[in-house]
Structure formats: structure tokens, C-alpha cells
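Here is what each chain is made of, one letter per residue.
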Amino acid sequence: MTSPLSKLGLGSGQFALDQATVRGRPPQAEVRDILDIAARTQLAVFDVAGRSPQVEDALGTIMPRPNPFRISISTVRADRGPDFVEAEARATLRRLGVESADAILVPSAADLFGPHGLALWDRLKALKDQGLTRKIGVSVFASDDPLGVARRFRPDIIQAPASLLDQRLLIDGTLAALTGIGIEVHLRSIFLSGLLFLPADRAPNHLKEAASRISRARRLIAEGRSDPLQAALGFALSRPEAAAVLVGVTTAAELNAVIAAASSPPPDLDWDDMAIDDPVALDPRAWRAA
């Protein structure tokens, strides 16, 4: 039987390498510990997306060697042209100390439909042909019509949000349809920016309407003798559509907790009963505008 950890991947988005300390420790030491744990546990995918050159340099210094991960990076915005996109992708790989990526992802589907989108995609296909990356893909939101994007561009990978709170792309069959046409699906935002862990009385005003549904999900999880972390991981890792499930952590202790929860049998819960349909709660982009 395949271990659930074989699907678990790590994202760098919460690494605090631009801070002075992390819980009293140098951030480089904390992230080195995180990466060492990930390597020992054989987490395959390491998503380095949207980080600054300084953070990429730091990651290149502290990553285990030889590199044990399938590294994915993201492109810069397309409006400066494909030459600049290629130059930045190559620079990112140099900073990380690797010769090639497992995947290069366009960070927004909107980039593909802009005036430079076709040139960007053609350049990524050329980089794949040259061996700079094994796969190319795109990161999408539920509102992007992911299946339409896939049919138009035929990416190798689509990175999409899904969680036990946000089941839209599962309920409407989008993720199953993507795998059905041979696209590798990577799930992100499985904790919905921590919303599942937030007590109802601490929810900000723009999430008050969803707070009661989230409280209900937390109650069902507790009644099932589980906890939000184990439930969120159990849900995502059990999805047959998912080739990888990306998590973000700030500390080594958080990664150890994730690994322990992911290694446990998934709780016996009614996942369908936990989905919410609040459009603001399900789109963290809307939180900033609220």
C-alpha cells in the first residue's frame, strides 16, 4: 500500500528567511532543519514559488546535497517578455544550486491569457525541450476555469486549491477531469490559510458569515476523535486526483507535526458535510480587499 507521505510536498512560502529570528533562532538554521527533515522523510516535491533572489540564494546555501527534491519554481510575470522570463528562471536555478527544475509553473492563469501569454508558453515549451525542466504547468484558482486552461494549453501540471472546507473543484468534477486527460494535479491551500484552525470568536469581520460553518466542521472533527490538522491532511492525501499535496510550515516543529498527522490513518469523517460555499472565505485574495 502506498504511504500517504509519498504524496506530501513542501512549499517555501512560509519560510521566514527574511526575518531576523524564528522563535529565537537564526532563520537559516530553522529552514535547514525543515529541509533536513523533509529529505529524511523523503518528501518528494519542493515548491519554491515567488521568493526573492535573496531568499533563493539562502535556500541554495542550506539545501541538502545532493539535492533530494523534485523542485518546482515559478516564472516572473510575462509582461517583460519571454527572454526576461527565461533569464529569471535560469537565475533562480543557479541561486538554488540546481541544473534543472522538475517543473516551471506560471503563477497565474491570467498571465497565459494576456498579450504575452502565448510567447511565454512557447518559451516554456522550448525550455522543456532543452532539458531545463521536465514539466511545465500553471497555478490556478477555482474561478479560473482550470479545465478550460488545461484544454487550451495542455500543461503537464496544474496546481490548484482544495481543502475539506473548499471542495469546489472536487464537487464539480474538475480535478477528476484534469487527471482524466493526463494532467498531474498538485493541491495547495489545504489549510485555507489557517482558516480551519481559527476559533469562531477570533474570525475577522469579513469571515463572520462563514464562522458558524467552520465551527461546525471543527465540531464534527472533534466528535470524530480527530483534530483539524489530521483531518485536513487526511482529506487531501486521500484524494485520488492528487499527485502531490503541498504544505507550508514556518518551523521544524510544525513540519514534524504535519508528518506525524499525515502518517496516521485518515479519520473516518463525513467530508462532504464540511464543505462551505462562502465566496469570500474560500478566496484569500478577497480577504485583503475586505
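Structure shown above.
Residues numbered from 1 in each chain as written. Predicted model: local features only at pLDDT ≥ 70, side-chain atom pairs only at ≥ 80, totals over all residues. Heavy atoms only, no water.

**Student:** I'd like to hear about the packing of aromatic side chains, residue by residue, with values.
**Tutor:** As enumerated under the stated definition, the model contains 6 aromatic pairs in all. Arranged with centres 6.1 Å apart and planes meeting at 35 degrees, the rings of phenylalanine 15 and phenylalanine 46 form a pair that is tilted. One end of the pair, phenylalanine 15, is in the loop between strand S1 (8–11) and helix H1 (27–40); the other, phenylalanine 46, is in strand S2 (residues 45–48), with 31 residues separating them in the sequence. Using a relative accessible area of 1% as the deciding quantity, one classes phenylalanine 46 as buried. Aromatic rings pair up to connect Phe15, Phe46 and Phe69 into one cluster. Lying over the aromatic face of phenylalanine 84, arginine 80 brings its terminal NZ or CZ to 3.8 Å of the ring centre. Above the ring of phenylalanine 153, the side-chain terminus of arginine 152 is found at 4.7 Å from the ring centroid. (Phe/Tyr/Trp six-rings, centres within 6.5 Å; stacked < 30°, edge-to-face > 60°. Helix = DSSP H or I, 4+ residues; strand = E, 2+ residues; numbered from the N terminus. Buried < 20%, exposed > 50% of the residue type's maximum accessible area, 1.4 Å probe, protein only. Lys NZ or Arg CZ within 6 Å of the ring centre and 35° of its normal.)

**Student:** Which residues make up the packing of helix H3 (residues 82–96) against helix H5 (residues 117–129), and what are the values?
**Tutor:** Following both chains from N to C, one finds H3 and H5 inclined at 40 degrees, their axes separated by 9 Å at the closest point. Viewed along their axes, H3 and H5 adopt a mutual orientation that is oblique. Taken as a pair, H3 and H5 cross one another with a handedness that is right-handed. Judged by residue contacts, Pro82, Asp83, Val85, Glu86 and Arg90 of H3 engage Ala119, Leu120, Arg123 and Leu127 from H5. Here the residues of the contact of H3 with H5 sort into 5 nonpolar, no polar and 4 charged. (Axes fitted to C-alpha atoms, helices over the stretch in contact; angles between N-to-C directions. Parallel < 35°, antiparallel > 145°, perpendicular 65-115°, else oblique. Left-handed = near helix turned anticlockwise from the far one by under 90°. Contact = heavy atoms within 4.5 Å. Nonpolar A, V, L, I, M, F, W, Y, C, P; charged D, E, K, R; others polar.)

**Student:** Describe the pattern of salt bridges, listing the residues and the values that go with them.
**Tutor:** If the charged atoms of two oppositely charged side chains come close together, the side chains can form a pair. Following the criterion strictly, the structure yields 17 salt bridges and no others. A salt bridge links aspartate 83 to arginine 123; the nearest nitrogen and oxygen atoms lie 2.9 Å apart. Of this pair, aspartate 83 sits in helix H3 while arginine 123 sits in helix H5, and the two are 40 residues apart along the sequence. Aspartate 83 sits in the exposed class, given a relative accessible area of 54%. Two residues, arginine 239 and glutamate 241, come together in a salt bridge whose shortest N-O distance is 3.0 Å. (Salt bridge = Lys/Arg side-chain N within 4 Å of Asp/Glu carboxyl O.)

**Student:** Quick one: what's the story with the nonpolar core, residue by residue and with numbers?
**Tutor:** Counting residues in each nonpolar core, the largest one holds 91 residues, and the members touching the most others are Leu8, Leu35, Phe46, Leu59 and Leu233. The dominant element in this core, judged by the number of residues it contributes, is helix H10 (residues 228–237), at 7 residues. (Core = buried A, V, L, I, M, F, W, Y, C linked by side-chain atoms within 4.5 Å.)

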